[in-house]
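In case you want the letters, here they are:
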Amino acid sequence: MNPSPIPLNPQLEQIPVYQPGRPIEEVARIHGLAPESIVKLASNENPLGPSPRALQALQAACATVHLYPDGHAFALKARLAEKLGLTPEHLILGNGSNEVLELVGHALLRPGVDVVVSQYCFAVYPLVTRLFGARLITVPARNFAHDLAAMRAAFTPQTRVVFIANPNNPTGTCAPPQELRQFVESVPPDVLIVLDEAYIEFLDHPADFLPAIREGRSPNLLLVRTFSKIYGLAGLRVGYGIGHPQVVAALEKTREPFNVNRLAQAAALAALDDHDHVEQTRAINKAGLRQLATGFESLGLPYIPSEANFILVRVGNAHAVFESMLRQGVIVRPMDGYDLPEWIRISVGRPEENERCLRALQLALNR
Ligand SMILES: *Cc1c(COP(=O)(O)O)cnc(C)c1O
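If you check an unreviewed UniProt entry, the chain appears there as Histidinol-phosphate aminotransferase from Limisphaera ngatamarikiensis. The annotation that UniProt attaches to the chain under Pathway (unreviewed entry) is "Amino-acid biosynthesis; L-histidine biosynthesis; L-histidine from 5-phospho-alpha-D-ribose 1-diphosphate: step 7/9." UniProt annotates the chain under Catalytic activity (unreviewed entry) with the comment "L-histidinol phosphate + 2-oxoglutarate = 3-(imidazol-4-yl)-2-oxopropyl phosphate + L-glutamate".

What follows is the structure, given as structure tokens:
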């Protein structure tokens, strides 16, 4: 491609375009398949679909989309605050939690600032870091998981942000709660810890940092959560950050006025209280993780035990396997962009979807 005649932000040269999971519509078009025959296990979406309560709220909210949303999302923040035992001043909402990560960039990152991440971290952290011209310090993983001690040791005087996803995407690994607590306590007060808890609802015994935030003991901790995964609302884009009111107030300045739309606010509010949907999702996910792991074992494929709603499996030539599965109507995620060229990531689906995925994998491998 020719360079742009308009002099661009030089940071853009180092930024690849994010490669999302292939959409069902696109795969149907390119491979001549019926969209309903395609199984998408590529973006860690909820295989049960959205919460029925959220759907109802969504339909009701449609009649008022001529009105701007509540820019402060009063109702959603109030319910979230109540649930978490916090105040609305502890909460920042985003157009997906991805936007909350970007607001961190606006508030804290610029040339001269360092950001610490782990090898195999969520792809958005390097993108945000580079977009704002900060320097990325990538710490080697240990057994595919975050090496928290090494990450702490990698801090420089210029370090202002450390990003940690727990469980991590794409590895599905989780830090032992005690280690994570020690890490959080060891971080200097002038470094923001962004603890991305996109998959926390899938854990049986998560480390709970809400008391530390409630009591003001961790003013440099920002938890980030989302409605995209267990709540099944990825298409609506709503996520949130939980932190000290001073950090939240800084992020609020960088937020555009109506970042979370009306439909998303209404659906998220309803989904929050749909415990049945959340419990069913947790159960189907546990069973699906076992089903996939058992399938990998019988195919003789190494995998990384996962605590989330996806699993990383080593298949050899991942790109060829990915393409073959795609032709069979099963969308998974090759991991070359994550420096894991022999691995694919498979999101947990319903039992019959997992079964089709395993059969497609077997065919792709000729086993
Ligand atoms: C999926 C995911 C998110 C969620 O992104 P949204 O913008 O809320 O859809 C955030 N962090 C990690 C690690 C994820 O895997």
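On we go from here.
*Asks:* Even after reading the chapter, I still don't get the overall build of the chain, so can you show me in this structure?
*Replies:* Looking only at helices and strands, the chain features 13 helices and 13 strands. Taken over C-alpha atoms, the radius of gyration comes to 21 Å for the chain, in line with the 21 Å a tight globule of 367 residues would show. Expressed along its principal axes, the backbone C-alpha trace of the chain runs to roughly 55 × 55 × 50 Å. For the chain, with 367 residues in total, the buried portion stands at 52%. Long-range contacts, defined here as pairs at least 24 residues apart, represent 73% of the contacts in the chain between residues at least 6 apart. When the accessible surface of the chain is totalled, it reaches about 16700 Å², and 55% of it is carbon and sulfur. Mean positive and mean negative side-chain charge positions of the chain (33 and 36 charges, respectively) differ by 1 Å.

*Asks:* Any chance you could explain the pairing of strand β10 (residues 310-314) here in plain terms?
*Replies:* Two faces make up the sheet, and in a regular strand the side chains alternate between them. In terms of burial, β10 is largely enclosed, as four of its five residues are buried. Pairing analysis gives two bridges linking strand β9 (residues 303-304) to β10, with the strands arranged antiparallel. The residue bridging Ile-304 from the neighbouring strand is Leu-312, located in β10. Connecting β9 to the antiparallel partner β10 that follows it, the hairpin turn spans five residues. Note that β10 and strand β13 (residues 343-347) share five bridges and pair antiparallel. Among the inter-strand pairings, Ile-311 is bridged to a residue of β13, identified as Ile-346.

*Asks:* Help me out: how do you make sense of the environment of Pro-206 in this one?
*Replies:* Structurally, Pro-206 can be placed in the loop between β6 (192-196) and α8 (210-214). Pro-206 sits in the partly exposed class, given a relative accessible area of 34%. In this structure, the C-alpha to C-alpha distance between Pro-206 and Lys-40, residues 166 residues apart in sequence, is 28 Å.

*Asks:* What am I meant to see in the UniProt feature "domain: Aminotransferase class I/classII large" (unreviewed entry) in the chain here?
*Replies:* When the UniProt feature table is mapped to this numbering, "domain: Aminotransferase class I/classII large" (unreviewed entry) covers residues 38-361. Taken end to end, residues 38-361 is 40% helix and 17% strand, and its two terminal C-alpha atoms sit 14 Å from one another.

*Asks:* For this particular structure, what's the right way to read the site of the ligand?
*Replies:* By nearness alone, 13 residues border the ligand, and Tyr-199, Thr-226, Ser-228, Lys-229 and Arg-237 come closest of all. One nitrogen or oxygen atom from the side chain of Ser-228 is found 2.6 Å from an oxygen atom belonging to the ligand. Note that an oxygen atom of the ligand is positioned 3.3 Å from one of the side-chain N or O atoms of Lys-229. Burial of the ligand by the protein amounts to 93% of the accessible area it has alone, namely 390 Å². Judged by the proximity of its atoms to the pocket grid, the ligand belongs to the second largest pocket. Class assignment for the residues of the shell around the ligand results in four nonpolar, six polar and three charged.

*Asks:* Even after reading the chapter, I still don't get the packing of aromatic side chains, so can you show me in this structure?
*Replies:* What characterises a pair of aromatic rings is the spacing of the ring centres plus the angle enclosed by the ring planes. According to the stated counting rule, one finds 10 aromatic pairs in the structure shown. Taken together, Tyr-120, Phe-144 and Trp-343 form an aromatic cluster joined through their ring pairs. Over the face of the ring belonging to Phe-310 we find Arg-345, whose NZ or CZ atom lies 5.6 Å from the ring centre.

*Asks:* Explain the packing of helix α4 (residues 97-108) against helix α5 (residues 124-131) to me, please; I cannot follow it from the model alone.
*Replies:* It is the contact of α4 with α5, at a shortest axis distance of 9 Å, that shows an interaxial angle of 35°. Seen from above, α4 lies across α5 with right-handed handedness. On α5, the residues that touch Asn-98, Leu-101, Glu-102 and Gly-105 of α4 are Val-124, Tyr-125 and Val-128.

The rules we used
Residues numbered from 1 in each chain as written. Predicted model: local features only at pLDDT ≥ 70, side-chain atom pairs only at ≥ 80, totals over all residues. Heavy atoms only, no water. UniProt positions renumbered as here; feature names shortened; annotations may be inferred. Helix = DSSP H or I, 4+ residues; strand = E, 2+ residues; numbered from the N terminus. Rg over C-alpha atoms; globule rule 2.2 N^0.38 Å. Buried < 20%, exposed > 50% of the residue type's maximum accessible area, 1.4 Å probe, protein only. Contact = heavy atoms within 4.5 Å. Areas by Shrake-Rupley, 256 points an atom, 1.4 Å probe, with all protein chains shown as cover. Lys, Arg positive; Asp, Glu negative; His and termini not counted. Charge placed at Lys NZ, Arg CZ, Asp CG, Glu CD. Pairing = 2+ DSSP bridges. Near = heavy atom within 4 Å. Polar contact = N/O pair within 3.5 Å; in protein donor to acceptor, adjacent residues only side chain to side chain. 1 Å grid on protein atoms, 1.4 Å probe; cavity = no way out; pocket = protein on both sides within 12 Å on 5 of 7 lines; lining within 4 Å. Sits in = over half its atoms within 2 Å of the grid points. Nonpolar A, V, L, I, M, F, W, Y, C, P; charged D, E, K, R; others polar. Phe/Tyr/Trp six-rings, centres within 6.5 Å; stacked < 30°, edge-to-face > 60°. Lys NZ or Arg CZ within 6 Å of the ring centre and 35° of its normal. Axes fitted to C-alpha atoms, helices over the stretch in contact; angles between N-to-C directions. Left-handed = near helix turned anticlockwise from the far one by under 90°.

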